[in-house]
Amino acid sequence: MSWKLKTHVLTSLTAGLFLTSCAALPEPIEVPQEAKLDLLIKGGLIYDGLGAQGRIGDIGIAENKIVFVGEAHSEAAAKQTLDAADLIVAPGFIDPHTHADKDLVSQDRKRRANLPYLFQGVTTVVVGNDGFGGSDIAAQAQTARARGIGTNAVYLAGFGPLRESVLGKQNRSPQTAELELMKAKLERAMCEGAAGFSAGLYYAPQNFAKTDEVAALAAVAGEHGGYYDTHMRDESDYSIGLERSVAEALAIGKRAQIPVHIAHIKALGPSVWGRSKRIIDMISAARATGQSVTADQYPWEASGTRISNAIVPRWALDGGLEGLRLRLKEPVTRAKIAEEMEANLKRRGGAERLLFTGSLGAFKAKTGQTLSDYSQAQGMGPVEAAIGLLQQGDMRVASFVMNTQDINALAVQPWVATGSDGSTGHPRKYASFPKAYRDLVVDEKLLSMAQFIRRSTALPAQILGLKDRGALAAGMAADVAVFDPRTFRPNATYAQPKELSSGAVFVIVNGKLAITEGQYSSELAGQPLLRAGRSAHADCAMMSKPPTVTKPD
């Protein structure tokens, strides 16, 4: 059967999945039979990640690089041949927003393997998001190399640890010398290979920072070729509102001369449902002027957060949970906190929309129940029940705050990448990529296969500055996801959030098989991917020199 006819047969077999047609395809590449390969992927429907239509072909891999994409000679030598007939062959997926930081430094080898992501076809994760990443980039990378990790890792330097290392949890602006110290710490992180600077301006104490402070730090990352990754100050109407938060992010990008990436873009809560069009228009207008603005999105109606983050007013968290507990001892202040918690709970759609997914601290409560269930069992109102909980610990919750119309409106934007925001107790850590595929390609038919793969590969690679990942082409790093379009699906649910996804048949990381025939191979083939070219920066060269010591007279 000719390669063109075979392509049309496979397309017809999977027509219900809206695979793109293969008309006007380039002629296949003929590879010499003497080519020496470690892996040969034969006969799959190849999507290059750049948005091109799929075509039947082969991929040759030697060591950790792709040698060719085309049609191998029937006798081409390979140590191992993978039969990809009736399967999709794509670049390894790249997740620009995870919370896998602790997984990748765990003493547990299986946890470092990052299986929740590998079984989604993800070969590279970003850590340090929401402003939580440490600035010790070199140390994190060295730990990853020494212990071994299952996926590649890209590191962001977080605003939270930087600010707390200088100001603690105080609600105040830094003095000039304090800001300079933060900038110096960020400078070193960028020199050590951080991809960018992340901020979580919704979270205390990061949200105590004014725009000027954030822009001054973002400018440091911009000077080193990094990007600004932001959990915006408000995704609802808690403080400055959704639109003004987008405007702030865009303003920071302009002032700091840095690309802006908006984390887990959404319209959070009934009060802002339907406003996705406004923020799409704002971002599209900024991009039309030449500003670099992108976003990522997870395909779930529930976010993952904590009770304290969901409904406690930001000012009451000055000093963290300890500060909150002191304020709750003052009757007048407690009443004000309770009043604002009532309003915030309404923003979240009510107590029945907060599902307990895990206990934190001394407090222990049954997961799988809502705050409404818990408060009724305690014989008190939801806010009083939440206050009692926070006096002992905290709870992770799945917060059902998005609607499908906004999710879909954002999903089809060409500047929105797939991301998980993967966190403990939420199925998004285990199932975001196959769920996005099922929702957007199979069920709603909002995206073609080529568009879905691009938003999961080449687009995040561009955002992160990864020049050798995110596409299938000769010379690129050999990160490849081979999945069955009929069985690629999520298994994790809110009730069972730790179920591995199905349908990833082969997953290759740096030329090594991490998943083979749907099973983990025990490989730890991931590598820290430090941003290239940092050492060439003049300031980085100065930092690499030993300090000058003046000898006493």
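Since we're looking at a predicted model, the values are computed, not measured.

Enquirer: Can you tell me about the overall build of the protein, naming the residues and giving the values?
Expert: Looking only at helices and strands, the protein features 20 helices and 21 strands. The burial tally for the protein puts 58% of its 553 residues in the buried class. For the protein, the exposed surface amounts to about 21,800 Å²; the carbon and sulfur share of it is 52%.

Enquirer: Help me get a handle on the packing of helix H14 (residues 371-378) against helix H15 (residues 382-390), residues and values and all.
Expert: Axis separation between H14 and H15 bottoms out at 9 Å; the angle between their running directions is 90°. The angle between the axes of H14 and H15 places the two elements in the roughly perpendicular class. Within the contact between the two elements, H14 uses Leu 371, Tyr 374 and Ser 375 and H15 uses Pro 382, Ala 385 and Ala 386. For the contact of H14 with H15, a count of residues per class yields five nonpolar, one polar and no charged.

Enquirer: Outline the side chain of Gln 140, supporting the account with residue identities and numerical values.
Expert: For Gln 140, the location among the structural elements is in helix H5 (residues 137-147). Residue classification places Gln 140 among the buried residues on the basis of a relative accessible area of 18%. If we ignore the near neighbours within four places in the chain, the residues touching Gln 140 are Gly 134 and Tyr 155.

Enquirer: So what's going on with unusual backbone geometry? Residues and values would help.
Expert: The omega torsion of the bond from Ala 204 to Pro 205 falls at 5°, within 30 degrees of zero and hence cis. As for its position among the elements, Pro 205 is in the loop between strand E10 (196-200) and helix H8 (211-223). The phi dihedral of Lys 445 falls on the positive side, at around 55°, and the residue is not glycine. Topologically, Lys 445 is positioned in the loop between helix H17 (428-443) and helix H18 (449-456).

Enquirer: Which residues make up the layout of surface pockets, and what values go with them?
Expert: Size it by volume and the largest pocket reaches roughly 1,300 Å³. Lining the largest pocket are 50 residues; nearest its centre among them are His 99, Phe 132, Tyr 203, Arg 306 and Asn 309. When residues of the lining of the largest pocket are traced back to their parent elements, those giving at least two are helix H2 (101-104), helix H6 (159-167), strand E14 (302-306), helix H11 (307-311), helix H12 (320-327), strand E16 (393-400) and H17.

Enquirer: Kindly report on the state of the cysteines, identifying the contributing residues and their values.
Expert: Counted under the stated rule, the structure contains one disulfide. Put simply, Cys 191 and Cys 540 are joined by a disulfide, and their sulfur atoms are 2.0 Å apart. Handedness here is read from the sign of the S-S torsion; for Cys 191 and Cys 540, about -90°, the answer is left-handed. One end of the pair, Cys 191, is in helix H7 (residues 176-191); the other, Cys 540, is in helix H20 (residues 538-544), with 349 residues separating them in the sequence. For the residue pair Cys 191 and Cys 540, the accessibility class agrees, reading buried in each case.

Enquirer: Before we move on, could you go through the pairing of strand E13 (residues 293-297) and cite the residues and values that matter?
Expert: Of all the five residues making up E13, five are buried; the element is thus mostly covered by neighbouring parts of the structure. Neither face of E13 is left uncovered, since the one carrying Val 293, Ala 295 and Gln 297 and the one carrying Thr 294 and Asp 296 both have all their residues buried. Relative to E13, strand E12 (residues 260-262) runs parallel, the two being bridged by three bridges. In the sheet register, His 261 faces E13, and the bridge partner there is Thr 294. In this sheet, strand E17 (residues 416-418) lies alongside E13 in parallel orientation, the contact comprising three bridges.

Enquirer: Describe the nonpolar core, listing the residues and the values that go with them.
Expert: Side chains of nonpolar character tend, in soluble globular proteins, to be buried together. Counting residues in each nonpolar core, the largest one holds 77 residues, and the members touching the most others are Phe 93, Phe 159, Leu 186, Phe 197, Val 214, Tyr 228 and Ile 265. Broken down by element, this core gets its largest block of residues, seven residues, from H8. If near-sequence neighbours (up to four positions away) are discounted, Tyr 228 is found in contact with Phe 197, Ala 199, Leu 201, Val 214, Ala 218, Ile 252, Ile 258, Pro 259, Val 260 and His 261. In this structure, Ala 310, Leu 317, Leu 389 and Met 395 belong to the second largest nonpolar core, which totals 27 residues.

Enquirer: Kindly report on the sheet that holds strand E15 (residues 354-361), identifying the contributing residues and their values.
Expert: Strand order in the open sheet made by the three strands is E14-E16-E15, with antiparallel pairing throughout. Looking at which strands have only one partner, the edges of the open sheet turn out to be E14 and E15. Across the sheet, the mean angle from the axis of one strand to that of its neighbour is 15°, orientation sign disregarded. Alignment of E15 against E16, held across seven bridges, turns out to be antiparallel. What sits directly across from Leu 354, in E16, is Ser 399.

Enquirer: Pulling in residues and values, what's your account of the pairing of strand E8 (residues 122-127)?
Expert: When you tally the buried positions in E8, you get six out of six residues, the bulk of the element. Where strand E7 (residues 93-95) lies against E8, three bridges are found, and the strand directions are parallel. Looking across to E8, one finds that Phe 93 is bridged to Val 122. The sheet contact formed by E8 and strand E9 (residues 152-158) spans four bridges and is parallel. Looking at E9, one finds that Val 125 is bridged to Ala 153.

Enquirer: An account of the packing of aromatic side chains is requested, with residue identities and associated values reported.
Expert: Tallied over the full model, the rule gives 16 aromatic pairs. Look at Phe 132 and Tyr 203: their rings are 5.2 Å apart centre to centre, the planes differ by 45°, and that puts the pair in the tilted class. Of this pair, Phe 132 sits in the loop between E8 and H5 while Tyr 203 sits in the loop between E10 and H8, and the two are 71 residues apart along the sequence. Plain terms: the ring middles of Tyr 437 and Phe 483 are 6.0 Å apart, the flat faces sit at 70° to each other, and that makes the pair edge-to-face. Of this pair, Tyr 437 sits in helix H17 while Phe 483 sits in strand E18 (residues 480-483), placing them 46 residues apart in sequence.

Reading the values: rules and limits
Along each chain, residue indices are assigned from 1 in the same order as the chain's sequence is written. In keeping with the model being predicted, local features are shown solely for residues with a pLDDT of at least 70 and side-chain atom pairs are shown and tallied solely at 80 or more, while totals for entire chains, interfaces and linings include all residues. Heavy atoms throughout the structure, all of them, feed into the side-chain values; hydrogens and water do not. A run of H or I in DSSP becomes a helix once it reaches four residues, and a run of E becomes a strand once it reaches two; helices and strands are each numbered from the N terminus. Exposed residues in this analysis have more than 50% of their type's maximum accessible area, buried residues have under 20%, and partly exposed residues fall in between, with area computed by a 1.4 Å probe over protein chains only. Method for areas: the Shrake-Rupley scheme with a 1.4 Å probe, in which residue coverage is limited to the protein chains shown. To obtain an axis, a line is fitted to C-alpha atoms, over the contacting stretch when the element is a helix, and the angle between two such axes runs from 0 to 180 degrees between their N-to-C directions. Angular relationships are summarised with four words: roughly parallel below 35 degrees, roughly antiparallel beyond 145, roughly perpendicular across 65 to 115, and oblique for the angles in between. In what follows, a contact means two residues having at least one pair of non-hydrogen atoms within 4.5 Å. Asp, Glu, Lys and Arg are counted as charged, while Ala, Val, Leu, Ile, Met, Phe, Trp, Tyr, Cys and Pro are counted as nonpolar; the rest, among them Gly, fall into the polar class. Site definitions follow a grid-based scheme: protein atoms alone, a 1 Å grid, a 1.4 Å probe that fits but cannot get out for cavities, and for pockets an open set with protein on both sides within 12 Å along at least five of seven lines, plus lining residues having an atom within 4 Å of a point. Grid points are joined across faces, edges and corners, and a volume is the space filled by probe spheres set on the points. Working definition: a disulfide is two cysteine sulfur atoms within 2.5 Å of each other. Here, a strand pair is defined by DSSP locating no fewer than two bridges between the strands. Among the buried residues, those of types Ala, Val, Leu, Ile, Met, Phe, Trp, Tyr and Cys that are joined through side-chain atoms within 4.5 Å form a nonpolar core. Ring pairs are drawn from Phe, Tyr and Trp, using the six-membered ring of Trp, whenever the two centres fall within 6.5 Å, and their geometry is named by plane angle: stacked under 30 degrees, edge-to-face over 60, tilted for the rest.

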